[in-house]
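Residue-level structure breakdown
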Amino acid sequence: MKAALAFASILAAASSAGAQAASCDRACLLNIADTYLAALVAHDASKAPMAPNAKFTEQAKVLKVGDEGLWKSALSTSTTFKIPVTDPVSGQIGMLVMMKASGAAFPAPPARGNAPAPDPNAPADIQLALRLKVVDRKIIEAEHLIARIAAPSQLAALKTPRAAFFQPVPKARRDPRNILLLIANAYYDALTQNNGELAPFADDCGRRENGMHTAGAGRPGDAPPPPAGFGGTPTDCAGQLTSRAMSYINSIDLRRIWIADEEHGLAFGLTMFRHPMEQKTITILNQDGSTSERPMNFNPFDLEAAHIFKIHGGKIHEIEAMGFTLPLYSKNGWNQFTR
């Protein structure tokens, strides 16, 4: 508890200092992000307010602004699926947005069975997690995390975001910025500790990952949460974690939970999920109190992920997430260390 209070004090102090220096409000950040996305599609960095020394990463690699990555492959930006999280205090905006990009840049998975091979030149549907840091209305940091989405059911879920992400939180239920950041961090603690009580999940909590409904309450258009692979374990956000269904995740490192929007009750986090897969089975706690063993026949990997949390009244109600795989113990392009 003392450590949490100390962390909260540090966040509060940082928030105060950042507020004094902030020069780009919510509307300014949204406009800069839209301009940046348009510049990506135009393949022209001069159309975005990039600082001369701006740092840019894509898929955890440092690349050249305007010359590599989506700067060459972006084709269009969705007009319907875009979830922004603006934070004038830190001068940052985080966003999940659907785009189309060159299929050659994002190859489709191999065809199965007798299915025809996909056209490598056909436009690819991608989900982009974008982070921009703005100083003096210039972008000094730009970061891309990208997942290619091919399954029709996932694409259907990524046509329109859940409405809650855009609804302002009534003032009586708003949480301060530092509390939003602490609650978002608690989600990752609950995952790694296999204890759903470590994060304040609301009863109506629902989670999507890369368009898949993976936990909790469903929304219109959602498939049921996946009993496949979870057996007799709970599927609510808290119970799923306490069942140890996620115990194959060894750690969640390089956490960057810096962006929060008090008015809309949103927090944006970037992290690296570590999966050494040293154990070939995990022990699952079933709803009836019994245990069972589940095989884990996967090679080691990392998952770099972005999460947006909808939080109000001190509880997590919605989670929208995406991620892509990397070799085990990858760096993220922003830290010289792995944790």
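Residues numbered from 1 in each chain as written. Predicted model: local features only at pLDDT ≥ 70, side-chain atom pairs only at ≥ 80, totals over all residues. Heavy atoms only, no water.

**Here we look at the confidence of the model for the protein chain**
This prediction gives the protein chain a mean pLDDT of 90; 87% of its residues lie at or above 70. Note that residues 16-21 has pLDDT below 50 and, in this model, two contacts with residues that lie over four places away or in other chains. (pLDDT = per-residue confidence, 0-100. Contact = heavy atoms within 4.5 Å.)

**Let's talk about the nonpolar core**
Core analysis: the largest hydrophobic core is formed by 31 residues, its most contacted members being Tyr-36, Leu-70 and Leu-132. A total of eight residues in this core trace back to one element, the largest contributor, which is helix α2 (residues 26-42). Those residues in contact with Leu-70, other than ones at most four positions away along the chain, are Leu-40, His-43, Glu-58, Met-99, Ala-101, Phe-106, Ile-126, Leu-128, His-144 and Ile-146. With 27 residues, the next largest nonpolar core counts Ala-184, Phe-201, Ala-260 and Ala-305 among its residues. (Core = buried A, V, L, I, M, F, W, Y, C linked by side-chain atoms within 4.5 Å. Buried < 20%, exposed > 50% of the residue type's maximum accessible area, 1.4 Å probe, protein only. Helix = DSSP H or I, 4+ residues; strand = E, 2+ residues; numbered from the N terminus.)

**With respect to the pairing of strand β4 (residues 92-101)**
Consecutive residues of a regular strand have side chains that alternate between opposite faces of the sheet. Most of β4 is tucked away: nine of the 10 residues are buried. Sheet analysis places strand β3 (residues 74-87) next to β4, joined by nine bridges and oriented antiparallel. Residue pairing across strands places Asp-87 opposite Gln-92, the latter belonging to β4. Note: β4 against strand β5 (residues 124-135), 10 bridges, orientation antiparallel. (Pairing = 2+ DSSP bridges.)

**Describing the pairing of β5**
Most of β5 sits out of view: nine of its 12 residues are buried. Bridging between β5 and strand β6 (residues 138-148) involves 10 bridges; their strand directions are antiparallel. The residue of β6 that forms the bridge with Leu-128 is Ile-146. Two successive antiparallel strands, β5 and β6, enclose a turn made up of two residues, where Asp-136 displays a positive phi of approximately 55 degrees.

**A look at the environment of Ala-104**
Mapping Ala-104 onto the fold places it in the loop between β4 and β5. Residues Ala-104 and Pro-123, spaced 19 residues apart in sequence, show a C-alpha to C-alpha distance of 8.3 Å.

**Observations concerning the environment of Gly-239**
Along the polypeptide, Gly-239 turns up in helix α6 (residues 237-242). The exposure class assigned to Gly-239 is buried, which follows from its relative accessible area of 15%. With 24 residues separating them in the primary sequence, Gly-239 and Ala-215 have C-alpha atoms 9.4 Å apart.

**A word on the sheet that holds strand β2 (residues 61-63)**
The strand order β2-β1-β6-β5-β4-β3 describes an open sheet built from six strands, whose pairing is mixed. At either margin of the open sheet sits one strand with a lone partner, and together these are β2 and β3. Each neighbouring strand pair of the sheet contributes to a mean axis angle of 25 degrees, computed without reference to strand direction. Seen against the sheet, α2 touches β1 (50-58), β3, β4, β5 and β6 and runs at an angle of roughly 160 degrees to β3. (Axes fitted to C-alpha atoms, helices over the stretch in contact; angles between N-to-C directions.)

**Thoughts on helix α5 (residues 177-193)**
With 17 residues, α5 extends 25 Å from end C-alpha to end C-alpha; this agrees with the ideal 24 Å at 1.5 Å per step. Where burial is concerned, most of α5 is hidden: 14 out of the 17 residues are buried. Immediately beyond the C-terminal end of α5, within one or two residues, lies Asn-194, with a positive phi of roughly 55 degrees. (Expected span 1.5 Å × (residues − 1).)

**Section: the pattern of salt bridges**
Opposite charge on two side chains lets them pair, provided their charged atoms get close. Tallying each qualifying case throughout the model produces 15 salt bridges. The shortest N-O distance in the salt bridge between Arg-177 and Asp-87 comes to 2.8 Å. You can see Arg-177 sitting in helix α5 and its partner Asp-87 sitting in strand β3, a full 90 residues away along the chain. A residue is classified by how much of its surface remains accessible, and Arg-177, at 10% relative accessible area, is buried. Classification of Asp-87 as buried rests on a relative accessible area of 1%. Note that Glu-143 and Arg-256 form a salt bridge whose closest N and O atoms lie 2.7 Å from each other. A residue pair is termed long-range when its members are at least 10 positions apart, and Glu-143 in strand β6 and Arg-256 in strand β9 (residues 251-261) qualify at 113 residues. Since its relative accessible area comes to 1%, Glu-143 is described here as buried. (Salt bridge = Lys/Arg side-chain N within 4 Å of Asp/Glu carboxyl O.)

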